[in-house]
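What follows is the residue order along each chain.
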Amino acid sequence: MTIQRTFSILKPDATRRNLTGTINAKIESANLRIIAQKRLKLSLAQAQAFYTVHAERAFFGELCQFMTSGPVVAQVLEGENAVANYRDIMGATNPANAAEGTIRREFAESIEANSVHGSDSPENAAKEISFFFSDLEIVG
Ligand code: GDP
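Residues numbered from 1 in each chain as written. Predicted model: local features only at pLDDT ≥ 70, side-chain atom pairs only at ≥ 80, totals over all residues. Heavy atoms only, no water.

Remarks on the overall build of the chain
Thought 1: In terms of regular secondary structure, the chain is built from seven helices and four strands.
Thought 2: When the helices and strands of the chain are listed from N to C terminus, the series reads β-α-α-β-α-α-β-α-α-β-α.
Thought 3: A compact globule built from 140 residues would reach a C-alpha radius of gyration of about 14 Å, and the chain, at 14 Å, matches this within 12%.
Thought 4: With respect to the three principal axes, the spread of C-alpha positions in the chain is 40 × 35 × 25 Å.
Thought 5: Classification of the 140 residues of the chain by burial places 48% in the buried group. (Helix = DSSP H or I, 4+ residues; strand = E, 2+ residues; numbered from the N terminus. Rg over C-alpha atoms; globule rule 2.2 N^0.38 Å. Buried < 20%, exposed > 50% of the residue type's maximum accessible area, 1.4 Å probe, protein only.)

Overview of the site of the ligand
Thought 1: Near the ligand you find Lys 11, His 54, Phe 59, Glu 62, Leu 63, Arg 87, Thr 93, Arg 104, Ile 111, Glu 112 and Asn 114, and these make up its full shell.
Thought 2: Between the ligand and the protein, one listed contact pairs an oxygen atom with a side-chain N or O atom of Lys 11 at 2.9 Å.
Thought 3: Glu 62 places a polar side-chain atom, nitrogen or oxygen, 3.4 Å from a nitrogen atom of the ligand.
Thought 4: Among the residues forming the shell around the ligand, the class breakdown is three nonpolar, three polar and five charged. (Near = heavy atom within 4 Å. Polar contact = N/O pair within 3.5 Å; in protein donor to acceptor, adjacent residues only side chain to side chain. Nonpolar A, V, L, I, M, F, W, Y, C, P; charged D, E, K, R; others polar.)

Some words on the sheet that holds strand S2 (residues 33–40)
Thought 1: Reading across the sheet, the four strands line up as S2-S3-S1-S4 and stay open at both edges, with antiparallel pairing between neighbours. The strands lining the two open edges of the sheet, one partner per strand, are S2 and strand S4 (116–118). Across the sheet, the axes of successive neighbouring strands diverge by a mean angle of 20°, strand direction being ignored.
Thought 2: With seven bridges joining them, S2 and strand S3 (residues 72–80) adopt antiparallel strand pairing. Bridging from a neighbouring strand, Arg 33 pairs with Glu 78 of S3.
Thought 3: Seen against the sheet, helix H5 (residues 82–90) touches strand S1 (3–10), S3 and S4 and runs at an angle of roughly 35° to S1. (Pairing = 2+ DSSP bridges. Axes fitted to C-alpha atoms, helices over the stretch in contact; angles between N-to-C directions. Contact = heavy atoms within 4.5 Å.)

A short note on the side chain of Gln 75
Thought 1: By the element assignment, Gln 75 lies in strand S3.
Thought 2: A polar atom in the side chain of Gln 75 sits 2.7 Å from the side chain of Gln 37.
Thought 3: Not counting residues within four places of it along the chain, the set of residues in contact with Gln 75 comprises Thr 6, Phe 7, Ser 8, Leu 10, Asn 24, Ile 27, Ile 34, Ala 36, Gln 37 and Phe 133.

Considerations on the side chain of His 117
Thought 1: Turning to its location among the elements, His 117 is positioned in strand S4.
Thought 2: When its relative accessible area of 10% is taken as the criterion, His 117 is described as buried.
Thought 3: Within the local environment of His 117, its side chain forms a polar contact with the side chain of Glu 128, the two groups lying 2.9 Å apart.
Thought 4: If near-sequence neighbours (up to four positions away) are discounted, His 117 is found in contact with Phe 7, Ser 8, Ile 9, Lys 11, Phe 50, Tyr 51, Tyr 86, Met 90 and Glu 128.

Quick look at the structure:
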């Protein structure tokens, strides 16, 4: 059994539609514990730094604008195989390709406004968690 942590963001399209609790219920029913959570409005500089790996992509500017267009909820999730488990319940990036029952299939508005972010590896999870949270803010 590998207990892991992953990093999650409920994106501005989700907070705008008041879906924080609905999505959190899906997270918790997948046996992921929300061990840290805060609502914040990203600055453009924070969004650009967070998505720096996508800096060369054509959609980088739009993505950063979108991520700063409203509040987000940053979270640390803990559970067995948390990284892969959360990616599974999130669904594919493009909601048109996301499996039935996934968060993105159910709630995403578009490939960009796709409701949630989840780390794609344990290494990135550790980096992303420390970008947003201090150890004191994480209560496992
Ligand atoms: P993820 O790991 O499933 O979130 O997908 P990626 O790491 O490839 O992309 C990061 C985020 O960029 C996605 O979650 C979307 O919000 C956004 N994104 C991805 N592809 C596109 C695209 O083709 N156009 C736009 N506008 N945004 C995109």
